[in-house]
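Residues per chain, in single letters:
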Amino acid sequence: MFSPFLNLLNKYKINDFFGIIIIFFIISLLIFIFLFSVIPLVVNQASAFFDILVKNVNSWIDIYNNS
């Protein structure tokens, strides 16, 4: 799967061992950047969802108690 990238690095006189390390470093870096850009969004959305949920439940309780 990574053979084309490894062949590209071999053209620049980078041997296979260091090429594999570079490829896995880049993949790890991309995953790290993706996670740290998505996790705050998910946390904010979950927080907003639970705030709305609590407000709705409280209004349902008030309606139930008043009727």
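Structural data are supplied above this passage.
Quick look at the structure, then. The residue numbering used here restarts from 1 in each chain and proceeds along that chain's sequence as written. The predicted origin of the model limits local features to residues at a pLDDT of at least 70 and limits the giving and counting of side-chain atom pairs to 80 or more, whereas totals for whole chains, interfaces and linings rest on all residues. Water and hydrogen atoms play no part in the side-chain values, which are based on all heavy atoms of the structure.

## Topic: the overall build of the protein
Just so we agree on the cut-off: Under the scheme used here, helices are H or I runs from DSSP no shorter than 4 residues and strands are E runs no shorter than 2 residues, and both carry numbers assigned from the N terminus. Think of it in three bands: residues with accessible area under 20% of the maximum for their type are buried, residues over 50% are exposed, and the middle band is partly exposed, with areas taken using a 1.4 Å probe on protein chains only. For the accessible areas, the method is Shrake-Rupley and the probe is 1.4 Å, while residue cover comes only from the protein chains on display.
Looking only at helices and strands, the protein features two helices and zero strands. Here the C-alpha coordinates of the protein stretch approximately 80 × 15 × 15 Å along the principal axes. Buried positions account for 6% of the 67 residues belonging to the protein. As displayed, the protein offers around 6100 Å² of accessible surface, 75% of which is attributable to carbon and sulfur atoms.

## Section: the environment of Ile14
Going by this rule: Whether two residues are in contact is decided by their heavy atoms: any pair within 4.5 Å suffices.
When you line up the elements, Ile14 lands in the loop between helix 1 (3-11) and helix 2 (16-66). Beyond its immediate sequence surroundings of up to four residues, Ile14 is in contact with Leu9, Gly19 and Ile22.

## Details of unusual backbone geometry
As a rule of thumb, non-glycine residues mostly have phi less than zero, and peptide bonds are mostly trans rather than cis. The residue Lys13 is not glycine, and still its phi comes out positive at about 65°. Inspection of the secondary structure assignment puts Lys13 in the loop between helix 1 and helix 2. Take Lys13: its relative accessible area is 77%, and that puts it in the exposed class.

## Overview of the packing of aromatic side chains
How we decide: Working definition: rings of Phe, Tyr and Trp (its six-membered ring) pair if their centres are within 6.5 Å, and the pair is stacked with planes under 30 degrees apart, edge-to-face with planes over 60 apart, and tilted otherwise.
A complete count under the given rule lists three aromatic pairs for this structure. Geometrically, the ring pair formed by Phe32 and Phe36 is tilted, given 4.5 Å between the ring centres and 50° between the ring planes. Of this pair, Phe32 and Phe36 both sit in helix 2, separated by four residues, roughly a single helical turn. Under the relative-accessibility criterion, Phe36 is labelled exposed at 55%. Relative to Phe50, the ring of Phe49 has its centre 5.3 Å away and its plane inclined at 65°; by these criteria the two rings are edge-to-face.

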